[in-house]
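A look at the structure
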Amino acid sequence: MKIFVVNAGSSSLKYQLIDMENEQVLAKGLCERIGVTGAISHKAADGREYKAETPMPTHSEAFEAVVYALTKSDAKVIDSLDEVSAIGHRAVQGGSEFANSCLITPEVIAAIEEWSVLAPLHNPANILGIEACIKTFGDKIPQVAVFDTSFHQTMPPKAYMYSLPYKYYEKYKIRKYGFHGTSHRFVGNRAIELLGKENSKVITCHLGNGCSITAIKDGACVDTSMGLTPLDGFIMGTRTGTLDPSTITYIADKENLSFAEIDRICNKESGMFGISGVSNDNRDIGNAAANGNERAQLAIDMQRYQILKFIGSYVAAMNGVDAIVFTGGIGENDAELRKYVCENLAYLGVTIDDEKNAVRGKEVKISTDDSKVNVYIIPTNEELAIARDTLEIISK
Ligand code: ADP
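We now turn to the structure provided with this report. (Residues numbered from 1 in each chain as written. Predicted model: local features only at pLDDT ≥ 70, side-chain atom pairs only at ≥ 80, totals over all residues. Heavy atoms only, no water.)

**Some details on the sheet that holds strand β1 (residues 2–8)**
The criterion, for reference: Strands qualify as paired when DSSP identifies two bridges or more between them. Secondary structure follows DSSP: runs of H or I at least 4 residues long count as helices, runs of E at least 2 residues long count as strands, and numbering of each begins at the N terminus.
The eight strands lie next to each other as β5-β4-β3-β2-β1-β6-β8-β7, forming an open sheet whose pairing is mixed. Strands with a single pairing partner mark the edges of an open sheet, and in this sheet they are β5 (49–53) and β7 (102–103). Summarising the sheet, strand β6 (residues 84–91) and strand β8 (residues 143–147) pair through five bridges and their orientation is parallel. By the bridge assignment for β8, Ala 91 is matched with Phe 147.

**Overview of the packing of aromatic side chains**
Definition in use: Pairing of aromatic rings covers Phe, Tyr and Trp, the last through its six-membered ring, and needs centres within 6.5 Å; plane angles under 30 degrees mean stacked, over 60 mean edge-to-face, and all others mean tilted. Residue exposure (1.4 Å probe, protein chains only): buried if accessible area is under 20% of the type maximum, exposed if over 50%, otherwise partly exposed.
Scanning the entire structure with this criterion turns up twelve aromatic pairs. Consider the rings of Tyr 168 and Tyr 172, whose centres lie 6.3 Å apart with planes at 10°: the pair is stacked. Here Tyr 168 and its partner Tyr 172 are both found in helix α5 (residues 166–172), four residues apart, which amounts to about one turn of the helix. What makes Tyr 168 partly exposed here is its relative accessible area of 29%. An aromatic cluster is defined as three or more aromatic residues linked by ring pairs; in this entry it consists of Phe 4, Tyr 15, Phe 63 and Phe 137.

**Details of the site of the ligand**
Worth spelling out the cut-off: If even one non-hydrogen atom of a residue comes within 4 Å of a molecule or strand, that residue is called near it. For this analysis, a polar contact is any N or O atom pair within 3.5 Å, provided that within protein one partner can donate a hydrogen and the other can accept it, and provided that sequence-adjacent residues contribute only side-chain to side-chain pairs. Here the open area of atoms and residues is found with the Shrake-Rupley method and a 1.4 Å probe, where only the protein chains shown may cover a residue.
Inspection of the region around the ligand gives Gly 208, Asn 209, Gly 210, Asp 281, Asn 282, Arg 283, Gly 328, Gly 329, Ile 330, Asn 333 and Arg 360 as its neighbouring residues. With respect to the ligand, the side chain of Asp 281 contributes an N or O atom lying 2.4 Å from an oxygen atom. At 3.2 Å from an oxygen atom of the ligand is found a main-chain nitrogen or oxygen belonging to Arg 283. Protein chains shield 68% of the accessible area of the ligand, which is 580 Å² for the free molecule. Secondary-structure elements contributing two or more residues to the shell around the ligand are α10 (282–290) and α12 (328–333).

The values reported here are purely geometric and, on their own, carry no functional implication.
The following block contains the structure:
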């Protein structure tokens, strides 16, 4: 059975076709500049590639290009769309309505639309993707939505409430929702498998351009660092993470800034980029620091310190920890960061093996056999998680 996985952004579309018999990716690709010009780059598992610039005024034309790539191009992997059994969509904000992935119906589309107020960049793009799929694949093929927020719905109110007047929760649903849930669930479940015990305390660190850390007790999320939006938590590529809210009102007042400008500064101009002035990419910042750039070094020091503090707070929240997981581009690759964090958790009995920690992007236990806490690198695979959910739902 083949499942098509879609991650639709406002001007981009990422996809994978996965054969669920062996969970192998048959092809993957990316459409970019939708609504502006349009380009597709597509790659089959055996290395054949198809690239084209073709007008994509809307997501529908992008899907037509994808269908051509999958079924007709030199890098085709199937003869017809009939071979695709279902479509799984990455959906961003499901609010408190979706604690699980679900079959997409008109009611589900309406609910995703309703939650757009809390994800104005993402949810409308998800709907465009779903509607364009219906147009291209027909309305007979089952489609499933897998929300970034679902996994975090098990958080208790004491974790998800903000200490604002309660009326804002009642009026506007202002609370912590958390994001990256599909990734935290995927690597968290794998850590539980590796630990071999369901009753466990696991801390998962998803460190990429966006970063979040989640506390998972007995398989369920009890707290997570991102909040109402993916801006909350700790320093990211270009996002601030948690701030004293007064910094915003102060700067806005001094510089006469609008809400939109503040939003842009906090989401796009801050974080590792804002501190280092070099880049949002950890590799560039690391190189600059190695060449003596003090602000780059400061960004790195802040990143490591803030991650360490979040892990420490979740050890406190769960009264212990059995496993810590690193994932995402930084988590899977940055051995120095992992070493710093683990060395500063020595008080918990964490010890790591430097040789194992030198590994990049592979599943490996980096803690020593006598470490009191198991530390793992587990590469995330959100597309596979979406495909598995889709298969499970359509099999019911
Ligand atoms: P996204 O959130 O966009 O999916 P990724 O998970 O791909 O991002 O992570 C991107 C980050 O991973 C970048 O900061 C990049 O520098 C970092 N990264 C990738 N490879 C390495 C590496 N070898 N060493 C350190 N950081 C790396």
